[in-house]
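Residues per chain, in single letters:
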Amino acid sequence: MSFLSVRGVKKAFGPAVAVQDFSLDAERGEFVSLLGPSGCGKTTVLRMIAGFEKPDAGSVVIDGEDVTHLPTRARRIGMVFQSYALFPNLTVEGNIAFGLKVAGVAKAEIAARVKEMLELIGLPKLGGRYPVELSGGQQQRVALARAIAIRPRILLLDEPLSALDAKIRVSLREELRAIQRELGITAIFVTHDQEEALALSHRVVVMSAGWVEQIGTPPEVYHTPRTPFVATFVGTANVLPCRIEDVAGRLSFHGAPLALDHALTGVTGGEAMMALRPEAIALAPFEGATNRLDATVRDVTFLGPVARVRVVLAGEIEALVDLHGEATRILPEPGSASVLYFRPESLQLLDRRDRAG
Amino acid sequence: MGIGPFAVFALLFLVLPTAGLFIGAFQDAEGNFTLANIAGLMTPIVANAFRQSIIVSGASAILGAVIGLAIAMALAGPGIPRFIRDGLLTLSGVASNFAGVPLAFAFLATIGRLGLVTILLRDLLGIDIYAAGFTILGTTGLTLTYLYFQLPLMVLLIMPAVDGLKKEWGEASAMLGATPWQHAWRITAPILFPSFAGAALLLFANGFGAVATAFALTGSFINLVTILLFAEIRGEVLHDPNLGYALAFGMVAITAVCNIVYLRLRAFSARRFR
Ligand SMILES: Nc1ncnc2c1ncn2[C@@H]1O[C@H](COP(=O)(O)OP(=O)(O)OP(=O)(O)O)[C@@H](O)[C@H]1O
Ligand SMILES: [Mg+2]
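## Observations regarding the overall build of chain A
- Regarding its fold elements, chain A presents 8 helices and 19 strands.
- Within chain A, the proportion of its 357 residues that are buried is 51%.
- Carbon and sulfur atoms make up 52% of the accessible area of chain A, which totals about 15,800 Å².
- Taking the average location of the 39 positive side-chain charges in chain A and that of its 41 negative ones, the two points are 7 Å from each other.

And the structure:
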């Protein structure tokens, strides 16, 4: 059994359902991100794991112990809040020591642990300062130290970096990940920043409107999105209508034949949606690019390493093509006819899940 | 230049009168320098007046501060509808300014010897509070009356600090394994303390200066500084206006100290608990 097991958890606030049906299994030491747009229920999931909210249904099991009905203070979890939430009346040391103090840990041991934590977060000299005397990045490090000082079983992070400016955000996220790896602690990290989620996680849980859309490794959710939402929320994708012609993986787009790189199981044919990344398309033939579509160039934006070409397919459907490197030397003329070339493995058939059921 | 009118106002109604007081406190009736007035503050009747004032102001400040804090915390809690909170705060704004003769009359009409509540308690429940030693003209009665404006003033003064308590602090405590009591004692209490102490001092100063209520309620039945001051200046007892200045000077000094400490505590809170 996995270290953290969240099963069929649901939460409504009055008539509004914040989390519809959430399940996740995480291994010891795993770093899992919850990724989704604002209001999709990420924080609510985290708060249910922490015990700040009671799920309407489902269960939370940590290391074999069912904690669903346990109060937060008995769960041994560490949480880092978006707003840091440091205790303003205590110094940095006081904040880090707080959890050990209320647990009745001996003074000498507290002092040793506080010192160790201050070293770990790289602020060995700032133990005597008050939170108002720290920068946002420093406050967030202290919040992390405070959370891990109690040796929690799980570390919960609710957009811990989003209040910081872009440069610190990137360096602090690397640091955070290094500390997590060093301690081997299971971490659940909430973010609405896809780059953050892809860069840090073992696995990403993509959420939308209270539902789990897909759970997978960063390359999995990027390259094989299962739903139109995942395809467009993680990176940029052209989501196009298509017809399934047969179980061998042959499709058609407005009459033009296309092929997937795999056979289909349990699909009888009919209308479907497919995703195609702009950077997987070229305007010239290349090795293995057996799929082709006729297009008309609408406009071109040159951005240096990338040129973004807007094209029109089948006279009405807009799509994006990203040209890279040498391909940006000679750009297509707006209004000219062109052909899109791409490989079968670049084409991803999407689920049309019916959620009402 | 925007503060020009304010500066003129402060000069005319605050600085000049205070300076006049200060000078008057060190002069005799002929205008010669003397320390006799200050020494006069030590005479039994005056010292007693200061003691009475401190008791009434102190009691009403402490009670008002404790109960006011409890009310403010209840108002800030979850599940209090917006309109109840807003309504009570508006009411507090009005009630904290409700002092003087109308307040005194209201209290006399309620729990005076022939007040409505006094009579109802006696006739319906058989409890005769006056027979039990209560009198609105005594220390307890005056304290009770002062509470009427002290308590709402406390609610207004402490509300911002209570609102400033973040929900996440409680959650962080719980996450770190603290019980709600440990959180209250180690986090909430230290954060609120400067605001609480400052507000209580302000209530004390406020009570100290509340002359009209005391005067209207008791006449000169109870010996408060403010009443003695009236008497001195109007010449009812000893006719020594300069002793009156010294009395006022003593009052201003106590009030000023309270205000300065209040401001310092408030600045501390604003700096650390921002
Ligand atoms: N205490 C609450 N009372 C009522 N509704 C709530 C409460 N908490 C959350 N919600 C609602 O539940 C939904 C999910 O909220 P949640 O905070 O989990 O979203 P989120 O994914 O964390 O969003 P964000 O990225 O903006 O933080 C939202 O529609 C929100 O308005
Ligand atoms: Mg959130």
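## Structural notes on the overall build of chain B
- The number of helices and strands found in chain B is 12 helices and 0 strands.
- Traced from its N-terminal end to its C-terminal end, chain B shows the element sequence α-α-α-α-α-α-α-α-α-α-α-α.
- In chain B, which comprises 274 residues, the share counted as buried stands at 41%.
- Once local pairs closer than 6 in sequence are excluded, the contacts in chain B between residues at least 24 apart make up 71%.

## Things to note about empty space enclosed by the protein
All names here are of chain A.
- This structure, assessed with the given rule, holds 2 cavities of 30 Å³ or more.
- Taken as a whole, the largest cavity spans an internal volume of roughly 90 Å³.
- Lining the largest cavity are Val-80, Gln-140, Arg-141, Leu-144, Leu-157, Pro-160, Leu-161, Leu-172, Glu-175, Leu-176 and Ile-179.
- Only α4 (136-149) and α5 (166-183) provide two or more residues apiece to the lining of the largest cavity.
- Here the second largest cavity is characterised by a volume of approximately 40 Å³.

## Thoughts on the interface of chain A and chain B
- The partner chain B presents 22 residues to the 23 residues of chain A that form the contact.
- Note on chain A versus chain B: buried area summed over both sides is about 2,100 Å², and carbon and sulfur give 67% of it.
- The largest per-residue losses of area from chain A upon contact with chain B belong to Arg73(A), Pro88(A) and Asn89(A), which jointly make up 27% of the total buried on that side.
- At the surface where chain A touches chain B, the tally comes to 1 salt bridge.
- On inspection of chain A and its partner chain B, the count reaches 6 residue pairs in polar contact (both at pLDDT 80 or more).
- Per element, the largest residue contribution to the side of chain A that touches chain B is 4 residues, and it comes from helix α2 (residues 92-102) of chain A.
- Looking at the side of chain A that touches chain B residue by residue, the class counts come to 14 nonpolar, 5 polar and 4 charged.

## Here we look at the pattern of salt bridges
All names here are of chain A.
- Under the criterion given, the structure shown has 24 salt bridges over all chains.
- Its salt-bridge partner being Glu-109, residue Arg-113 comes within 3.6 Å of it at the nearest N-O pair. Of this pair, Arg-113 and Glu-109 both sit in helix α3 (residues 107-120), 4 residues apart, which is roughly one turn of that helix.
- For Glu-109, a relative accessible area of 43% gives the class partly exposed.
- Of the charged contacts in the structure, one is a salt bridge between Arg-243 and Glu-271, with a shortest N-O distance of 3.0 Å. Within this pair, whereas Arg-243 is found in strand β11 (residues 238-244), its partner Glu-271 is found in strand β14 (residues 270-276), the two being separated by 28 residues in sequence.
- Judged by its relative accessible area of 55%, Glu-271 is exposed.

## Considerations on the site of ligand 1
Residues and elements named next belong to chain A.
- With respect to spatial proximity, the complete set of residues near ligand 1 consists of Phe-13, Ala-18, Pro-37, Ser-38, Gly-39, Cys-40, Gly-41, Lys-42, Thr-43, Thr-44 and Glu-159.
- Between ligand 1 and Thr-44, the relevant distance is 2.5 Å, taken from an oxygen atom to a side-chain nitrogen or oxygen of the residue.
- Within the side chain of Glu-159, an N or O atom sits 3.3 Å from an oxygen atom of ligand 1.
- Taking 630 Å² as the accessible area of ligand 1 by itself, protein coverage stands at 57%.
- Its residues placed into classes, the shell around ligand 1 shows 4 nonpolar, 5 polar and 2 charged.

## Let's talk about the layout of surface pockets
All names here are of chain B.
- By volume, the largest pocket amounts to about 440 Å³.
- Around the largest pocket sit 18 residues that line it, and Leu-165, Lys-166, Lys-167, Gly-170 and His-183 are the ones nearest its centre.
- For the lining of the largest pocket, the secondary-structure elements that each account for two or more residues are α3 (44-76), α7 (139-163), α8 (167-175) and α9 (180-209).
- Each residue belonging to the lining of the largest pocket can be placed in one class, and the counts come to 9 nonpolar, 4 polar and 5 charged.
- If you add up the space inside the second largest pocket, you get close to 320 Å³.
- Lining the second largest pocket are 18 residues, with Pro-160, Ala-161, Ser-195, Arg-266 and Ser-269 sitting closest to its centre.
- Residue assignment for the lining of the second largest pocket shows that the elements contributing at least two residues are α7, α9 and α12 (241-272).
- Sort the elements by how many residues they give to the lining of the second largest pocket and α9 lands first, with 6 residues.
- In the lining of the second largest pocket, the residues fall into 13 nonpolar, 4 polar and 1 charged.

## Quick notes on the sheet that holds strand β18 (residues 337-342) of chain A
All names here are of chain A.
- Pairing in this open sheet of 4 strands is antiparallel, and the strands run β17-β16-β15-β18 from one edge to the other. The open sheet has two edge strands, β17 (317-324) and β18, and neither has a second partner. Ignoring strand direction, the axes of neighbouring strands in this sheet form an average angle of 50°.
- Across 7 bridges, the pairing between strand β15 (residues 291-302) and strand β16 (residues 306-313) is antiparallel. Counterpart to Ala-295 in the pairing with β16 is Leu-313.

Cut-off values and rules
Residues numbered from 1 in each chain as written. Chains lettered and ligands numbered in written order. Predicted model: local features only at pLDDT ≥ 70, side-chain atom pairs only at ≥ 80, totals over all residues. Heavy atoms only, no water. Helix = DSSP H or I, 4+ residues; strand = E, 2+ residues; numbered from the N terminus. Buried < 20%, exposed > 50% of the residue type's maximum accessible area, 1.4 Å probe, protein only. Areas by Shrake-Rupley, 256 points an atom, 1.4 Å probe, with all protein chains shown as cover. Lys, Arg positive; Asp, Glu negative; His and termini not counted. Charge placed at Lys NZ, Arg CZ, Asp CG, Glu CD. Contact = heavy atoms within 4.5 Å. 1 Å grid on protein atoms, 1.4 Å probe; cavity = no way out; pocket = protein on both sides within 12 Å on 5 of 7 lines; lining within 4 Å. Points joined across faces, edges and corners; volume = space filled by probe spheres on them. Buried area = accessible area lost by both parts, 1.4 Å probe. Salt bridge = Lys/Arg side-chain N within 4 Å of Asp/Glu carboxyl O. Polar contact = N/O pair within 3.5 Å; in protein donor to acceptor, adjacent residues only side chain to side chain. Nonpolar A, V, L, I, M, F, W, Y, C, P; charged D, E, K, R; others polar. Near = heavy atom within 4 Å. Pairing = 2+ DSSP bridges. Axes fitted to C-alpha atoms, helices over the stretch in contact; angles between N-to-C directions.

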